[in-house]
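Results of the structural survey
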Amino acid sequence: MGLLSFTDHGIYCAKGDFYIDPWRPVGKAVITHAHSDHARWGSSYYLSHHLTKYLLRLRLGENNYQSVEWGESVNMNGVRVSLHPAGHIIGSSQIRVESNGEVWVVSGDYKTENDGISGAIEILKCNVFITESTFGLPIYNWKPQEQIFFDIQNWILRNKEIGRNSVIIAYSLGKAQRILPCIAAVSPDIYVHGAVWNTMEALRGAGVELPMVTRINPDSPKENFKSAVIIAPPGAEGSSWINRFTPYSLGVCSGWMQVRGNVRRRNVDAGFALSDHADWNGLWNVVKGTGAEKVYVTHGFQSAFSRYLNEKGIPAGEVKTAFGDEEEEKTETNLPEEGGQAKT
């Protein structure tokens, strides 16, 4: 197949003898980012970006970790491996693999708008590009982050006016950190679920500066929550844990909120289409920018997006992987108690 191949353990480089984001335990794993569908327990060695290493320790425990800065090369059995910004979440990287003048790039997950905390994506020239397609349909066309943040802030202020708490559902790793500056600008009282707190503490340990928040514990008095903002992971939605914040309005930050029917089905008060993945135009612009002669499309709407690429004259194929199940975060929270260590 070439420099990389798709196996039942993950994306494999036979010449370098390493895997990229393997979904089964292997000897050497190169990790794009710390979400559970891309970073799994059990491998003997992990290579990642410096910031991702701290998150891997939180989620996978102590192990044999090596970390590098973006653009720094590592020689693995004569194969040159380097990590480059993906813009998905803090520390997320694309993996560039080069040997004998042949270059492959594995995107991991990525987005094209610079959110201010994750680093702007670097579009890499390559012969072969392996891309995600989580939102690979034309219906997904994101509003600018500034506009979405404005909507979130106005929602919080309206809730304050009527004496309600604002409960925002956001992944403990990714959106929970992304929305903090937006919230801090209109509310000094920000409380977070234990899973969000643990992730933030790991990032602070890595030197990432984040607005101050208060952890919610089982004995946190209900009186503390008066027109406050509470950030919780998806597992909190619909749980008894959330009842302590009554009266509250419930908002969800997710790209799936782009489809209005999803807001109704989830029975939430507000849906904010804020995604850490590229939209349709973002996917297309990144693929074009790579100049790749061949594209492999993985998790998401890979059939629709690969068909579109072929129609545009870019040879593309679909690949089945074990990526794309960030909803596993719903199992991390151990609700209705205080939460616990994040596992996604």
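Just so you know, these numbers come straight off a predicted model, no measurement behind them.

1. Remarks on the sheet that holds strand β1 (residues 5–6)
In a beta sheet, neighbouring strands pair by backbone hydrogen bonds and run either parallel or antiparallel. Read from one edge to the other, the open sheet built from 6 strands follows the order β1-β2-β3-β4-β5-β6, with strand pairing classed as mixed. Edge positions in the open sheet fall to β1 and β6 (65–68), since each of these has one partner strand only. Across the face of the sheet, helix α1 (residues 50–60) comes into contact with β5 (45–49) and β6 while running at roughly 135 degrees to β5.

2. Thoughts on the sheet that holds strand β8 (residues 79–85)
In space, the 7 strands of this open sheet follow the order β7-β8-β9-β10-β11-β18-β19, with mixed pairing throughout. Sheet topology places β7 (73–76) and β19 (316–318) at the edges, where each strand pairs with a single neighbour. Here the average twist between neighbouring strands, direction ignored, is 20 degrees. Bridge count between β7 and β8: 4 bridges; the pairing is antiparallel. Within β8, the position partnered with M76 by the bridge is V79. Packing of helix α7 (residues 280–290) onto the sheet brings it into contact with β11 (128–133) and β18 (294–300), and relative to β11 it is tilted by some 175 degrees.

3. Quick word on the pairing of strand β9 (residues 93–99)
Burial runs high along β9: 6 of the 7 residues are buried. Two strands pair when backbone bridges link them, and β9 and strand β10 (residues 102–106) are joined in this way by 5 bridges, in the antiparallel orientation. Looking at the pairing, E98 lines up with V103 of β10. Linking two consecutive strands that pair antiparallel, namely β9 and β10, is a turn of 2 residues; a positive phi of about 50 degrees is found at N100 within it.

4. Digging into the packing of aromatic side chains
According to the stated counting rule, one finds 19 aromatic pairs in the structure shown. Residues Y140 and W142 carry aromatic rings whose centres are separated by 5.9 Å and whose planes lie at 55 degrees to one another, so their mutual orientation is tilted. On the accessibility criterion, Y140 (5% relative accessible area) is buried. Consider the rings of W155 and F272, whose centres lie 5.6 Å apart with planes at 70 degrees: the pair is edge-to-face. Of this pair, W155 sits in helix α2 (residues 145–161) while F272 sits in strand β17 (residues 270–272); the two residues are 117 residues apart in sequence, bridging distant segments of the chain. Put simply, the rings of F135, Y140, W142, W256 and F301 pair up and form one aromatic cluster.

Cut-offs applied
Residues numbered from 1 in each chain as written. Predicted model: local features only at pLDDT ≥ 70, side-chain atom pairs only at ≥ 80, totals over all residues. Heavy atoms only, no water. Pairing = 2+ DSSP bridges. Helix = DSSP H or I, 4+ residues; strand = E, 2+ residues; numbered from the N terminus. Contact = heavy atoms within 4.5 Å. Axes fitted to C-alpha atoms, helices over the stretch in contact; angles between N-to-C directions. Buried < 20%, exposed > 50% of the residue type's maximum accessible area, 1.4 Å probe, protein only. Phe/Tyr/Trp six-rings, centres within 6.5 Å; stacked < 30°, edge-to-face > 60°.

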